[in-house]
Amino acid sequence: MARYTKEHKQATRQRIIEAAGRRFKKDGIDGSGVSTLMSDAGLTNGAFYAHFASKEDLVANTVADQLGAQNASLEALAPGRAGLEQFVRAYLSAEHRDDPENGCPTAALLDEIGRCTDATKQAFTDGLLTVIDDIAARLAPDSPPSARAQALGVFAMMVGTLQLARALADPKLADDVLDQGVHNALALLDAGPVRQRRVRRPS
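Residues numbered from 1 in each chain as written. Predicted model: local features only at pLDDT ≥ 70, side-chain atom pairs only at ≥ 80, totals over all residues. Heavy atoms only, no water.

Draft legend 1. Spotlight on the packing of aromatic side chains. In total, this model carries 5 aromatic pairs according to the counting rule given. Taken together through their ring pairs, the aromatic side chains of Phe48, Tyr49 and Phe52 make up a single cluster. (Phe/Tyr/Trp six-rings, centres within 6.5 Å; stacked < 30°, edge-to-face > 60°.)

Structure follows, in structure tokens:
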């Protein structure tokens, strides 16, 4: 019996992760069983544990992979502010709203990630900060850390806007929400970092 090479095993593992990413974003993490995930990847259930210790292990790896792919897409855009505008307009588009399976993992899975294991939350935090730091570097090339809070705020607003647009039954209203979201996000990007206020403690 022929033994699979290390490269073949890695390719199979990646195939499972990519199939899981699409399925999780379409049906949710809780709504996606191992048998469905493996069927999506064209594999049998028995092959699952050759690659992952548990479904939770797959979830953590999938979240990391999805955010890595999102950051790669962001990095491929035009440099500086122009690329950020491209990102905002594509993110808050009707096409993205109507295609969660191939879209942002944060908007599709945020509520479930909040209930996941610490490993998945850490994978999400690490992956998200990579995206955020790319945005911050475009906002403030000379001092990216100074723009991290601003970048987080803009991205959080974009995620919430997309989630709201997806939940609305009225397509026209959903379009209006997206259009306003683009306007708001671009305005926030141009506003500059907000200086943190010192909170005075009561005497």
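Draft legend 2. The arrangement of the confidence of the model for the chain in detail. When the pLDDT values of the chain are averaged, the result is 93; 93% of them are 70 or greater. By mean pLDDT, helix H1 (residues 6-27) is the weakest element of the chain at 95, and helix H5 (residues 94-97) is the strongest at 98. (pLDDT = per-residue confidence, 0-100. Helix = DSSP H or I, 4+ residues; strand = E, 2+ residues; numbered from the N terminus.)

Draft legend 3. Fine view of the packing of helix H3 (residues 55-75) against helix H6 (residues 105-113). Direction vectors running N to C along H3 and H6 enclose 155°, while the axes themselves pass 11 Å from each other. By the angle class used here, H3 and H6 are roughly antiparallel. Like other packed secondary-structure pairs, H3 and H6 cross with a definite hand, here left-handed. Residues Val63, Gln66, Leu67 and Gln70 of H3 pack against Pro105, Thr106 and Ile113 of H6. The class makeup of the residues in the contact of H3 with H6 is 4 nonpolar, 3 polar and no charged. (Axes fitted to C-alpha atoms, helices over the stretch in contact; angles between N-to-C directions. Parallel < 35°, antiparallel > 145°, perpendicular 65-115°, else oblique. Left-handed = near helix turned anticlockwise from the far one by under 90°. Contact = heavy atoms within 4.5 Å. Nonpolar A, V, L, I, M, F, W, Y, C, P; charged D, E, K, R; others polar.)

Draft legend 4. Spatial organisation of the layout of surface pockets. In this model, the largest pocket occupies a volume close to 350 Å³. Around the largest pocket sit 18 residues that line it, and Gln70, Ser73, Asn102, Gly103 and Cys104 are the ones nearest its centre. For the lining of the largest pocket, the secondary structure elements donating two or more residues are H1, H3 and helix H4 (80-91). Ranked by residues supplied to the lining of the largest pocket, first place goes to H3 with 6 residues. Its residues placed into classes, the lining of the largest pocket shows 8 nonpolar, 6 polar and 4 charged. (1 Å grid on protein atoms, 1.4 Å probe; cavity = no way out; pocket = protein on both sides within 12 Å on 5 of 7 lines; lining within 4 Å. Points joined across faces, edges and corners; volume = space filled by probe spheres on them.)

Draft legend 5. Highlighting the side chain of Gln150. Along the polypeptide, Gln150 turns up in helix H8 (residues 148-167). At 3.2 Å, the side chain of Gln150 forms a polar contact with the backbone oxygen of Leu189. (Polar contact = N/O pair within 3.5 Å; in protein donor to acceptor, adjacent residues only side chain to side chain.)

Draft legend 6. Local environment of the environment of Asp176. With respect to the helices and strands, the residue Asp176 is situated in helix H9 (residues 171-191). A distance of 3.0 Å separates polar atoms of two side chains, one belonging to Asp176 and the other to Lys172.

Draft legend 7. Broad picture of the pattern of salt bridges. Inspection of every chain in the model, using the stated rule, returns 10 salt bridges. With a closest N to O distance of 2.9 Å, Glu85 and Arg89 form a salt bridge. Taken together, the residues span about one helical turn, with Glu85 and Arg89 both in helix H4 at a distance of 4 residues. You can call Glu85 partly exposed: its relative accessible area is 26%. A salt bridge links Arg138 to Asp134; its shortest N-O distance comes to 2.9 Å. Placement of the pair is Arg138 and Asp134 together in helix H7 (residues 118-139), with a separation of 4 residues, close to one helical turn. Each member of the pair Arg138 and Asp134 is classed as buried. If you follow the salt bridges from partner to partner, you end up with Arg81, Glu85, Arg89 and Asp190 in one network. (Salt bridge = Lys/Arg side-chain N within 4 Å of Asp/Glu carboxyl O. Buried < 20%, exposed > 50% of the residue type's maximum accessible area, 1.4 Å probe, protein only.)

Draft legend 8. Geometry of the nonpolar core. In this structure, Leu58, Tyr91 and Phe155 are the most contacted members of the largest nonpolar core, which totals 49 residues. If you list the elements that add at least two residues to this core, you get H1, helix H2 (34-40), H3, H4, H6, H7, H8 and H9. Tyr91 has contacts with Gln70, His96, Cys104, Ala107, Phe155, Met158, Val159 and Leu162, leaving out every residue within four places of it along the chain. (Core = buried A, V, L, I, M, F, W, Y, C linked by side-chain atoms within 4.5 Å.)

Draft legend 9. Structural detail: H8. Over its 20 residues, H8 runs 29 Å from end to end, which matches the ideal 28 Å to within 8%, given 1.5 Å per residue. Those residues of H8 lying buried are Gln150, Ala151, Val154, Phe155, Met158, Val159, Thr161, Leu162 and Ala165. The buried side chains of H8 occupy one side of the element, clustering within an arc of 170° when seen end-on. The outward face of H8, more than 90 degrees from its buried face, is lined by the exposed residues Ala149 and Ala167. Contacts from the buried residues of H8 go to H3, H4, H5, H6, H7 and H9. (Expected span 1.5 Å × (residues − 1). Arc of directions from axis to C-beta.)

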